[in-house]
Amino acid sequence: MRLKSACAGPGTNTCFGRSDYSVCAGAAGCTNGLCQRNPLSSSVFPWAERTDRNVLYCIRLFVENHSGVPAAVFTVPFTVPVETRRMPSSTPQQLVDSLAAKIADRTAKVGIIGLGYVGLPLISAFVNAGFRCIGFDVDAGKVQTLLQGRSYIRHIASETVAGWISKSQLDPTSDMSRLGEADALLICVPTPLNESRDPDLQYIESTAASIAKVLRPGQLVVLESTTYPTTTRDVMVPILNGNPAGLQCGRDFFAAFSPEREDPGNPHFTAAGIPKVVGGTDQASGDLAAALYGHAIVSVVRVDNAEVAEACKILENTYRAVNIALVNELKMLFDRMGIDIWQVVDAAKTKPFGFQAFYPGPGLGGHCIPIDPFYLSWLARRQGMSTRFIELAGEVNTFMPRYVVSRVGDFLNDVSRSVKGSRICILGMAYKKDVDDPRESPSFELMELLMHRGAVLSYSDPHVPSLPPMRHYHLPPMNSTPLTPEFLAEQDCVLISTDHSAFDYPFIVRHSRLVVDTRNATKAVTEGREKIRRA
Ligand SMILES: NC(=O)c1ccc[n+]([C@@H]2O[C@H](COP(=O)([O-])OP(=O)(O)OC[C@H]3O[C@@H](n4cnc5c(N)ncnc54)[C@H](O)[C@@H]3O)[C@@H](O)[C@H]2O)c1
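Computed from a predicted model, the values in this text were never measured in an experiment.

## Overview of helix α4 (residues 119-128)
Consideration 1: Taking burial as the measure, the 10 residues of α4 include eight buried ones, the bulk of the element.
Consideration 2: Buried within α4 are the following residues: Gly119, Leu120, Pro121, Leu122, Ile123, Ser124, Ala125 and Phe126.
Consideration 3: Positive phi appears at Gly130, one or two residues downstream of α4, with a value of about 95 degrees.

Written out as structure tokens, the structure is:
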């Protein structure tokens, strides 16, 4: 008696839906394993079952006597850990070539994870470049809105979204098990600070964990969320490398960082029109990411590695935070001296070199400038260093709402009023001009400070119809008030916090008693200037 042959597998013609593993898990038609070499077994289908950690197989042993007559068939169950079972059979170069080819002919499916202020414009860039996109978001409400052909972001029209859906250019879903369908995955999830103002990477981590579950060979994963240098390599990649199939970055899949530079509300730049910095965790990853963005974005700035790309984004935002702090501090000094800071900046910017204009305001807002520099401070602390410019800029900028409120108190005092009991209407709750995004807006801080001082508050913002719940502020529910002559005349003070173009400033000044302007929005108003104060 001798053992003739053995076959493991459930009778599928691929190895668990994959043809790229060298260990056989199939029978009929399987191109990888034992069954092809063993005609006897191709019609015999033992069982196999997969758990998270193991694949349970049943192997059949075919035994024949010395004359070649089948004598016995034994069925032996055994367990193989998933990690050891899966061995990629494509070489790294084959995987690179295959993805590069799909990118080149635009058949690569682009998965965009996080369909917010960054993700949606990015979809627009890729759809316009001829790619099909799958949009992933944990917020089922957003997915439903998109599926109904509606947009929830001001600068992306609903008609545009409806067009993507009807032409199957965008496939929005909350089903993270579909992450494996995309050839490239671009991560645009939030990166906030936690209560102690340290980086909160939970969204990046949970996204990476979702990808790891379904990661397949040849996929490219690009992190776009703003974060501190080393996040891609030291946080994202290890989670992806923990995938159950044992795929490894740089060999079986690819990873890169490319910071988003979206400037919502800026009519001169769309996501596609802003040069894109790209750095890979290795050469092939960087090449693939650069090739992909090269189709959709006006130009790609290739840097040596992911860390340079990460640091580049933080430098850009820190540069803004520090320069805004500088003009905010000068504003407080020049206010005291009766010098108009806005005229000073406008005069300085006529210098054709060496000066870039930044303007003061009521404080920093948005998801980037008030947050990202602190990612770097945190990293510096871990390196035993401090980032004094960042800390100082943070101190000046976070003080600005208090400065504005104290100025409002002074101006009311001038007309024999106190903040307590005064009717104050804040104009603009969005964090900046002509956007509907209220995140980190200093208007909320102004509102809370004035509320604690007993002001009777209202607000008007054509882009924020009602106050959204905010993590750090506890304000009563409020709706935007239309600006009528009667309403304006009733206010003791109208406080311009965000200089939306939709506001009719001459009208506002004409009908108000006192206008406190933190943005120089009323600079062109000629009638009633005696009612305007700067803060
Ligand atoms: N908004 C900007 O102007 C801007 C500009 C440059 C860079 N960034 C950076 O881009 C990133 C995204 O910012 P945003 O403004 O688009 O945020 P956003 O809050 O508008 O959108 C993020 C989306 O991600 C979704 N999400 C969260 N966790 C998820 C998960 N695990 N899987 C799938 N989806 C998930 C959320 O539901 C949300 O829809 C941040 O790191 C931000 O710093 C933003």
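## What about the sheet that holds strand β13 (residues 423-427)?
Consideration 1: Ordered in space as β14-β13-β15-β16-β17, the five strands form an open sheet in which the pairing is parallel. Both edges of this open sheet fall to β14 (456-460) and β17 (532-534), since each of them pairs with a single strand only. Between one strand and the next, the sheet's axes are offset by a mean angle of 25 degrees, whatever the strand orientation.
Consideration 2: Sheet analysis places strand β16 (residues 515-517) next to β17, joined by three bridges and oriented parallel.

## Concerning the environment of Asp517
Consideration 1: Here Asp517 lies in strand β16.
Consideration 2: Residues Asp517 and Pro362, 155 residues apart in the sequence, show an inter-C-alpha distance of 9.3 Å.
Consideration 3: Beyond its immediate sequence surroundings of up to four residues, Asp517 is in contact with Ile496, Thr522, Ile532 and Arg534.

## Some details on the confidence of the model for the protein chain
Consideration 1: Looking at the protein chain, pLDDT values average 87 and 84% of them are 70 or higher.
Consideration 2: Of the regions scoring below 50 in pLDDT, residues 1-50 engages in 111 contacts with residues more than four places distant in sequence or in other chains.
Consideration 3: Note that pLDDT drops below 50 for residues 83-87; the model gives that stretch 11 contacts with residues more than four away or on any other chain.

Rules used in this analysis
Residues numbered from 1 in each chain as written. Predicted model: local features only at pLDDT ≥ 70, side-chain atom pairs only at ≥ 80, totals over all residues. Buried ≥ 20, exposed ≤ 12 C-beta atoms within 10 Å, placed from the backbone. Helix = DSSP H or I, 4+ residues; strand = E, 2+ residues; numbered from the N terminus. Pairing = 2+ DSSP bridges. Axes fitted to C-alpha atoms, helices over the stretch in contact; angles between N-to-C directions. Contact = placed C-beta atoms within 7 Å. pLDDT = per-residue confidence, 0-100.

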